[in-house]
2 protein chains.
Amino acid sequence: MSSVVVPRPIPVALLGLGGVGKAILSQLLSPPLSAQFQLVLIANSRQSLSLPLPAAPITPANFQSILEKHGAPLNVTSVISVLSTHPDAPGIFIDSTGSDVIPAMYPQILSMGVHIVTPNKKGFSASEALYKAIAEKSFPNTPSLAYGESTVGAGLPIIQTLKDLVATGDEIEKIEGVFSGTLSYIFNEFSKPEGGNVKFSEVVKVAKEKGYTEPDPRDDLSGTDVARKLSILSRLVPTAPALPQGYASIPTQSLVPDVLSDASTKEEYLERLEEGDEFFANLREEAKKEGQVVRYVGVIDVKSGKVEAKLGKYPADHAFATALKGSDNIISFTTKRYSPRPLIIQGAGAGADVTAMGVTSDMVKIYERLAVPRI
Amino acid sequence: MSSVVVPRPIPVALLGLGGVGKAILSQLLSPPLSAQFQLVLIANSRQSLSLPLPAAPITPANFQSILEKHGAPLNVTSVISVLSTHPDAPGIFIDSTGSDVIPAMYPQILSMGVHIVTPNKKGFSASEALYKAIAEKSFPNTPSLAYGESTVGAGLPIIQTLKDLVATGDEIEKIEGVFSGTLSYIFNEFSKPEGGNVKFSEVVKVAKEKGYTEPDPRDDLSGTDVARKLSILSRLVPTAPALPQGYASIPTQSLVPDVLSDASTKEEYLERLEEGDEFFANLREEAKKEGQVVRYVGVIDVKSGKVEAKLGKYPADHAFATALKGSDNIISFTTKRYSPRPLIIQGAGAGADVTAMGVTSDMVKIYERLAVPRI
């Protein structure tokens, strides 16, 4: 038989050079990935840099200054064109931005034959109209692949596992988990199986100091991030309820208590954080009386047709109480095959390196798919 | 752009029709898989049946009697030839046997361009010579794929996750887990965080009655099954020690105590099982004094270069003590990225349906790889 067709390194454009973008860049410039992919462009929100440079190659240490010195204004349309017309096309477009403008362009990008890999939740968790437009322009409806493993659980194999369960004919009954690293940390510290009286405001402040929260902690405490992840998973379950407005169709409990809803700036909110302490202390006390702990969870209950992001109470010997540590995510799948005991995946669900790994593992799958043509 | 090339249903031969084989058959005959694969042959250890039949199609209910009535003697060489010369070739050869003769033929099968998917551990866990011969004849050295997700953890995404970690440049430091559903059940019952005085022999007898053990429980208690799984995982870690004789190169603690080593039949062994109770009771007592429980684990410690299957003691609040239930597997990966807290995967690690799912999810990946040709 003929020997395998090893694809030439796949051309890649990386948009977004924040913490995750930098980690993606670092992984792509190192072995073993450096042999499989060739960066043809990197860009932050303002500037782009075409690669390779005529002189020395870029490195994780020097790209920032080179981009600032030699960058040109970013033009997304021309990036797509570079990837679709490259001699080694089709290329991969990595959207590592937090933008919602770029996700709106996914259908166009895919229809040019370009693959998309992204940790950006916004494209897959917005309106059903955008989701359907992306689906129509991607595999199996076209050869273009649109992957987002890192949009849920960062590098944890959450999306691939759910796809495998569905594709092999299992029936999803319930998906339940702690999907936010920030809220995992906050409630693991605030409500421990062994008890404790720490104030909610104090835990939030420590979380912020440790860099576990967004600059404005309300962005985590609103529950929106969890709702976006639920939306992404729900859409992979054929029997889950439709979500016309994506995450916005999901009942989502906010952890910004009513007394603080009028705080107009994050500074005011952080200053007045203690005003919410009584609310959370009461919740914890109520749970404790029942031998339970409080966790902020996302639930997709296919049987009852409910998708929700909310505070839940769990027995002190439940995996969400005992096994969960630090800022880990834990996600459990209860299915026809995996019941009564679920399939559980646990580990760091945030952080630049593991999120980047979710992106690069998707890219490896694209590389491998290109490498085995049907005879 | 052109629309996607949807591959015709991939021809499949299924060898081995025990519990797992039947579950594979059932999944392949049901949607969604029935649209992607066409069974061209099924066989047990004696007889084979070419498909489709001229009259009615086979079903999970009728295949057994049809095979017995119309089967022809199995000829593996001609099965390979059917798969490699089929108009929709290359096909997939599913080895769901417990044979070690068929794994010895994997290099030959792969070199005919045929893909292999198998829950049979014997090919990947035997001598390094066979492992290398398989590797030489499979991707990325040829276009033929050899997949065995279900050889470790059944349907749990253990092998894919390890491959993803390695392929994206992470460094594996330690893999540790409870890899045997049988030994998980036995020790979860025998050594509980909250204590208890049940006898080891009683637990083994209940496990046998529940169908959790092999017909001869010594096949589980020897630790060989765990050593085979460690061998399969180790070989995916470039920095792990070489295992010239596969599982046989791994120090493996047997749970058949010395006093019982002279039992010549399984009947004698089962009758005399209580003679080992003191040994295990002492172990449990010793662990309990240290606030620990006993678990039979597999460990790949890359830093120290050790691969071992053995009894280990774990603190009562460790995931192997608290989170592990029933006959579940739990596997933790500690890596450069996932440390100090590991990536953990837990769930049923045995059973026909979930093992079959590990096989069919590999098949879906082959189907998808064939569906996206490089332009």
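Residues numbered from 1 in each chain as written. Chains lettered and ligands numbered in written order. Predicted model: local features only at pLDDT ≥ 70, side-chain atom pairs only at ≥ 80, totals over all residues. Heavy atoms only, no water.

Engineer: Please set out unusual backbone geometry residue by residue, giving values where relevant.
Structural biologist: Residue and element names in this part refer to chain A. With an omega of 5°, the peptide bond running from Ala89 to Pro90 counts as cis. Mapping Pro90 onto the fold places it in the loop between helix H3 (76–85) and strand S5 (92–95). Although it is not a glycine, Ala154 sits at a positive phi angle of roughly 55°. Note that Ala154 resides in the loop between strand S7 (146–147) and helix H7 (158–167). (Helix = DSSP H or I, 4+ residues; strand = E, 2+ residues; numbered from the N terminus.)

Engineer: Please provide a residue-by-residue account of the side chain of Glu176 of chain B, values included.
Structural biologist: Residue and element names in this part refer to chain B. Mapped onto the secondary structure, Glu176 falls in strand S8 (residues 172–178). The exposure class assigned to Glu176 is buried, which follows from its relative accessible area of 13%. A distance of 2.4 Å separates the side chain of Glu176 from the side chain of Tyr314, its partner in a polar contact. Setting aside its immediate chain neighbours within four residues, Glu176 contacts Gly298, Val299, Tyr314, Phe320, Ile330, Ile331 and Ser332. (Buried < 20%, exposed > 50% of the residue type's maximum accessible area, 1.4 Å probe, protein only. Polar contact = N/O pair within 3.5 Å; in protein donor to acceptor, adjacent residues only side chain to side chain. Contact = heavy atoms within 4.5 Å.)

Engineer: Hey, could you go over the relation of the copies chain B and chain A for me, with residue numbers and the actual values?
Structural biologist: Here chain B sits on chain A after a turn of 180° about the axis and a move of 0.0 Å along it, with an RMSD of 0.0 Å. This pairing of chains is accounted for by a two-fold axis. A share of 98% of interface residues in chain B that are also interface residues in chain A marks the association as one of identical surfaces. (Least-squares fit on C-alpha atoms with pLDDT ≥ 70 in both.)

Engineer: Go over the pattern of salt bridges with me, naming the residues and quoting the values.
Structural biologist: Counting across every chain of the model gives 34 salt bridges over all chains. One salt bridge in this structure joins Asp216 of chain A and Arg218 of chain A, with 3.0 Å as the shortest N-O distance. Here Asp216 of chain A falls in the buried class, since its relative accessible area comes to 17%. The closest approach of N and O atoms between Lys121 of chain B and Asp225 of chain B, which form a salt bridge, is 3.2 Å. (Salt bridge = Lys/Arg side-chain N within 4 Å of Asp/Glu carboxyl O.)

Engineer: Residues and numbers for the packing of aromatic side chains, please.
Structural biologist: The final tally for this structure, using the stated rule, is 19 aromatic pairs over all chains. Seen from their ring centres, Phe190 of chain A and Phe280 of chain A are 6.5 Å apart, and the 85° between their planes marks the pair as edge-to-face. Linking Phe190 of chain A in helix H8 (residues 181–190) with Phe280 of chain A in helix H13 (residues 277–289), this pair joins segments that are 90 residues apart in sequence. Taking relative accessible area as the criterion, Phe190 of chain A reaches 2% and is therefore assigned buried. Under the relative-accessibility criterion, Phe280 of chain A is labelled buried at 1%. Taking the centre distance of 6.4 Å and the plane angle of 85° together, the rings of Phe187 of chain B and Phe190 of chain B count as edge-to-face. (Phe/Tyr/Trp six-rings, centres within 6.5 Å; stacked < 30°, edge-to-face > 60°.)

Engineer: Break down the packing of helix H1 (residues 19–28) of chain B against helix H14 (residues 352–371) of chain B for me, citing the residues and quoting the values.
Structural biologist: All names here are of chain B. Contact geometry for H1 and H14: axes closest at 8 Å, N-to-C directions at 55°. Between H1 and H14, the interaxial angle falls into the category oblique. Helix-helix and strand crossings are classified by hand; for H1 and H14 the assignment is right-handed. Residues Gly19, Val20, Ala23, Ile24, Gln27 and Leu28 of H1 touch H14, and the partners they reach there are Ala352, Asp353, Thr355, Ala356, Met357, Val359, Thr360 and Met363. Of the residues assigned to the contact of H1 with H14, the class counts are nine nonpolar, four polar and one charged. (Axes fitted to C-alpha atoms, helices over the stretch in contact; angles between N-to-C directions. Parallel < 35°, antiparallel > 145°, perpendicular 65-115°, else oblique. Left-handed = near helix turned anticlockwise from the far one by under 90°. Nonpolar A, V, L, I, M, F, W, Y, C, P; charged D, E, K, R; others polar.)

Engineer: Break down the sheet that holds strand S12 (residues 343–348) of chain A for me, citing the residues and quoting the values.
Structural biologist: Ordered in space as S10(A)-S9(A)-S8(A)-S11(A)-S12(A)-S12(B)-S11(B)-S8(B)-S9(B)-S10(B), the ten strands form an open sheet in which the pairing is antiparallel. Two strands bound the open sheet, and with one partner strand each, they are strand S10 (306–315) of chain A together with strand S10 (306–315) of chain B. Each adjacent strand pair in this sheet contributes to an overall mean axis angle of 20°, direction not counted. Here ten bridges tie strand S9 (residues 292–301) of chain A to S10 of chain A, and the two strands are oriented antiparallel to one another. Bridge pairing in S10 of chain A links Asp301 of chain A to Lys306 of chain A. Against the sheet, helix H7 (residues 181–190) of chain B engages S8, strand S9 (292–301), S10 and strand S11 (328–335) of chain B, with an angle of about 155° to S9 of chain B. (Pairing = 2+ DSSP bridges.)

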